[in-house]
Amino acid sequence: MLIISPHAPFFIDHRMALSKEEIRVAAESLHRAEKTRTQIRQLSLEFPGITIEDAYAIQKAWIEIKLDLGRVVKGHKIGLTSKAMQSALNIDEPDSGVLLDDMFFADGGLVPSDRFIATRVEAELAFIMKQRLAGPGCTMFDVLNATDFVVPALEILDTRIERVDPETKATRKIFDTIADNAANAGIVLGGRPLRPLDADLRWIGALCYRNGQLEETGLAAGVLNHPATAVAWLANKIAALGLALEPGQVVLAGSFIRPIEARKGDTIQADYGAHGSVSCYFA
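Residues numbered from 1 in each chain as written. Predicted model: local features only at pLDDT ≥ 70, side-chain atom pairs only at ≥ 80, totals over all residues. Heavy atoms only, no water.

(A) The overall build of the chain, seen in detail. A count of helices and strands for the chain gives seven helices and 13 strands. A compact globule built from 283 residues would reach a C-alpha radius of gyration of about 19 Å, and the chain, at 18 Å, matches this within 12%. Dimensions along the principal axes, computed over C-alpha positions, put the chain at roughly 50 × 45 × 35 Å. Distance from the positive charge centre (30 side chains) to the negative charge centre (36 side chains) of the chain: 2 Å. (Helix = DSSP H or I, 4+ residues; strand = E, 2+ residues; numbered from the N terminus. Rg over C-alpha atoms; globule rule 2.2 N^0.38 Å. Lys, Arg positive; Asp, Glu negative; His and termini not counted. Charge placed at Lys NZ, Arg CZ, Asp CG, Glu CD.)

Here's what the structure looks like:
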């Protein structure tokens with residue numbers, strides 16, 4: 001299981017603009033926002049000089065708060081894998097977050113709406129690791145060899161940071177999303193597990209419904225042309241920290257639909273055809 005050491009550097013210090021104290025305060029603000037269901041102001045406005053490295057450092061500090069409270073790392077999520085989203089945020093690579101044990105909900109089960117602030121849901125493929133996967137130099141083929149199963153999944157998104165600033169009307173930046181654990185809040189695994197070489201993963205698609213109404217459709221090829229490419233990117237990214245993807249960990253490879261808004265009373269279902277379906281009800 002991946003352990004995040006508080007003494008390990010997260011990114012190169014000279015590329016960071018915020019002090020350790022500012023990072024700590026930001027992480028505590030995010031934790032408090034989640035607990036009180038009260039969004040905080042965009043960190044990109046509070047700290048105009050914030051960098052990508054600062055944002056990951058804030059995410060790491062927030063995760064460490066949760067680990068100190070007894071949470072356990074169960075995997076990772078990858079976001080912003082589509083070219084359209086990257087262009088919109090003026091970046092050229094995905095982002096990532098950490099999956100914890102209390103983020104997993106049962107397929108077809110209840111998701112407590114009062115735990116979240118502004119939920120949205122995305123359809124993805126989840127990779128369940130069989131072997132340790134470490135970069136650098138990790139390729140799509142290494143990912144396929146190291147994966148035990150691929151399963152349909154729903155990712156539950158939430159935002160502890162305001163999407164639009166009420167004063168300036170500025171929208172969230174990539175720094176805000178990364179610091180906010182890449183907007184992750186939950187995950188539902190379902191459908192039919194398949195071995196990674198038993199299908200062309202690019203062509204796995206989903207029909208996504210809210211309360212029986214079709215909302216979105218998409219193909220997994222929308223994730224960097226192949227979802228395993230996203231997992232390889234993550235393995236290479238965290239290698240600089242001395243970390244790797246460990247056996248049994250779950251990796252959400254990235255959404256191939258636009259997020260679906262989910263309110264209390266909504267049922268979200270993603271139909272993956274021959275690969276089954278996955279759903280949840282926001283109670």
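The structure having been displayed, the exposition proceeds.
(B) Layout of the layout of surface pockets. Empty space within the largest pocket amounts to approximately 580 Å³. As for the largest pocket, its lining consists of 25 residues, of which Leu80, Met85, Arg120, Glu122 and Pro259 are closest to the centre. Among the secondary structure elements, those contributing two or more residues to the lining of the largest pocket are strand E1 (73-79) and strand E5 (120-129). Considering each element in turn, the lining of the largest pocket owes the most residues, three residues, to E1. (1 Å grid on protein atoms, 1.4 Å probe; cavity = no way out; pocket = protein on both sides within 12 Å on 5 of 7 lines; lining within 4 Å. Points joined across faces, edges and corners; volume = space filled by probe spheres on them.)

(C) Layout of the pattern of salt bridges. This structure, assessed with the given rule, holds 19 salt bridges. Across the pair glutamate 46 and arginine 41 runs a salt bridge, and its minimum N-O distance is 3.7 Å. What makes arginine 41 partly exposed here is its relative accessible area of 31%. The salt bridge involving arginine 115 is made with aspartate 102; its shortest N-O contact spans 3.8 Å. With a gap of 13 residues between them, arginine 115 in the loop between strand E4 (109-111) and E5 and aspartate 102 in the loop between strand E2 (95-100) and strand E3 (104-105) connect regions that are remote in the sequence. Among the charged side chains, a salt-bridge network with shared partners connects Glu34, Lys66, Arg160 and Asp180. (Salt bridge = Lys/Arg side-chain N within 4 Å of Asp/Glu carboxyl O. Buried < 20%, exposed > 50% of the residue type's maximum accessible area, 1.4 Å probe, protein only.)

(D) Spatial organisation of helix H3 (residues 52-68). In this model, H3 (17 residues) spans 25 Å end to end at C-alpha, consistent with the 24 Å of a helix rising 1.5 Å per residue. Counting buried residues along H3, 13 of its 17 residues qualify, which places the element largely inside the surrounding structure. Downstream of H3 by a residue or two, glycine 70 has a phi angle that is positive, lying close to 105°. (Expected span 1.5 Å × (residues − 1).)

(E) Just the side chain of glutamate 155, in detail. Relative to the helices and strands, glutamate 155 resides in strand E6 (residues 147-157). Residue classification places glutamate 155 among the buried positions, given a relative accessible area of 0%. Among the polar contacts listed, one links the side chain of glutamate 155 to the side chain of asparagine 184, at a separation of 2.9 Å. Filtering out sequence-adjacent residues up to four positions away, glutamate 155 remains in contact with Lys77, Arg120, Val121, Glu122, Glu124, Asn184, Gly186 and Leu252. (Polar contact = N/O pair within 3.5 Å; in protein donor to acceptor, adjacent residues only side chain to side chain. Contact = heavy atoms within 4.5 Å.)

(F) Highlighting the packing of helix H1 (residues 20-36) against H3. Where H1 meets H3, the closest approach of the two axes is 8 Å, and the angle between their N-to-C directions is 55°. Accordingly, the angle class assigned to the pair H1 and H3 is oblique. Note on packing geometry: the crossing formed by H1 with H3 is right-handed. Residues Ile23, Ala26, Ala27, Glu28, Leu30, His31 and Glu34 of H1 pack against Asp54, Ala57, Ile58, Ala61, Trp62, Ile65 and Lys66 of H3. A per-class count over the contact of H1 with H3 returns nine nonpolar, one polar and four charged. (Axes fitted to C-alpha atoms, helices over the stretch in contact; angles between N-to-C directions. Parallel < 35°, antiparallel > 145°, perpendicular 65-115°, else oblique. Left-handed = near helix turned anticlockwise from the far one by under 90°. Nonpolar A, V, L, I, M, F, W, Y, C, P; charged D, E, K, R; others polar.)

(G) Focus on the state of the cysteines. Per the counting criterion, the structure on display carries zero disulfides. Free cysteine: cysteine 208, not disulfide-bonded; nearest cysteine sulfur from cysteine 280 at 11 Å. Take cysteine 208: its relative accessible area is 1%, and that puts it in the buried class. (Disulfide = S-S within 2.5 Å.)

(H) How the structure looks around the environment of aspartate 180. In this fold, aspartate 180 is placed in the loop between helix H6 (174-179) and strand E7 (184-189). Within the structure, aspartate 180 has its side chain in polar contact with the side chain of arginine 160 (distance 2.7 Å).

(I) Up close: the sheet that holds strand E9 (residues 213-219). If you trace the five strands from one edge of the open sheet to the other, you get E4-E13-E12-E8-E9, paired in mixed fashion. What marks the edges here is a single partner per strand, and that holds for E4 and E9. Strand after strand, the sheet turns through a mean of 25° between neighbouring axes, direction not considered. Note: strand E12 (residues 267-271) against strand E13 (residues 277-282), five bridges, orientation antiparallel. Across the sheet, the residue bridging to aspartate 271 is serine 277, located in E13. (Pairing = 2+ DSSP bridges.)

These results come straight from atomic positions and should not be treated as a statement about function.
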